[in-house]
Amino acid sequence: TRIISVIDDEAPIIDLKNKKTNYKKGDKVKIADYTVTDNTSKTIKTYVFVMYELNVATVENGEFIASKTGKYTINYLCSDEHGNWSFVSYEISVE
């Protein structure tokens, strides 16, 4: 009997599309569309969160309200079933 083990140490790849980066205070911000691919995993978890100042904005249906002026960072964190992680982010400006 032989046991063959496959070790997956390759992280998922996150691809962002349609990043709009300039908004006005009070605008509804649509976060960038994204796709995630992985070399082996069929189960990929994705978390999206938005940071501004020391706060986290609530994202619902891929959108949030830009309630204050300044910089917001939109973050995407993905993990596959083998524990590999990927992280990408981009910034928007709110006037």
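See the structure shown above.
To keep things clear, this report deals only with the structure shown in the data block. (Residues numbered from 1 in each chain as written. Predicted model: local features only at pLDDT ≥ 70, side-chain atom pairs only at ≥ 80, totals over all residues. Heavy atoms only, no water.)

## Comments concerning the nonpolar core
Looking at soluble globular proteins, one finds that nonpolar side chains tend to be buried together.
Consideration 1: Grouped together as the largest cluster of nonpolar side chains are 18 residues, with contacts concentrated most on F64, Y72, I74, Y76, Y90 and I92.
Consideration 2: Listed by contribution, the elements that provide at least two residues to this core are β1 (13–17), β5 (44–52), β8 (70–80) and β9 (85–94).
Consideration 3: Top element by residues in this core is β8. It accounts for four residues.
Consideration 4: Discounting residues that sit within four places of it in the chain, I74 has contacts with I31, V48, F49, V50, F64, V88, S89, Y90 and I92. (Core = buried A, V, L, I, M, F, W, Y, C linked by side-chain atoms within 4.5 Å. Buried < 20%, exposed > 50% of the residue type's maximum accessible area, 1.4 Å probe, protein only. Helix = DSSP H or I, 4+ residues; strand = E, 2+ residues; numbered from the N terminus. Contact = heavy atoms within 4.5 Å.)

## Details of the environment of E63
Consideration 1: By secondary structure assignment, the location of E63 is in strand β7 (residues 63–65).
Consideration 2: Distance from E63 to K30, taken between C-alpha atoms, is 4.4 Å for residues 33 residues apart in sequence.
Consideration 3: If sequence neighbours within four positions are ignored, E63 has contacts with K28, V29, K30 and T58.

## Some points on the pairing of β9
Consideration 1: Judged from the two bridges that link them, strand β2 (residues 22–23) and β9 form a sheet pairing that is parallel. Each residue of the ladder has a partner; that of N22, found in β9, is S93.
Consideration 2: Sheet topology places β8 next to β9; ten bridges connect them, and they run antiparallel. Each bridged residue has a counterpart across the sheet, and for K71 the counterpart in β9 is S93.
Consideration 3: The antiparallel hairpin formed by β8 and β9 contains four residues in its connecting segment, where G83 sits at a positive phi of about 90°. (Pairing = 2+ DSSP bridges.)

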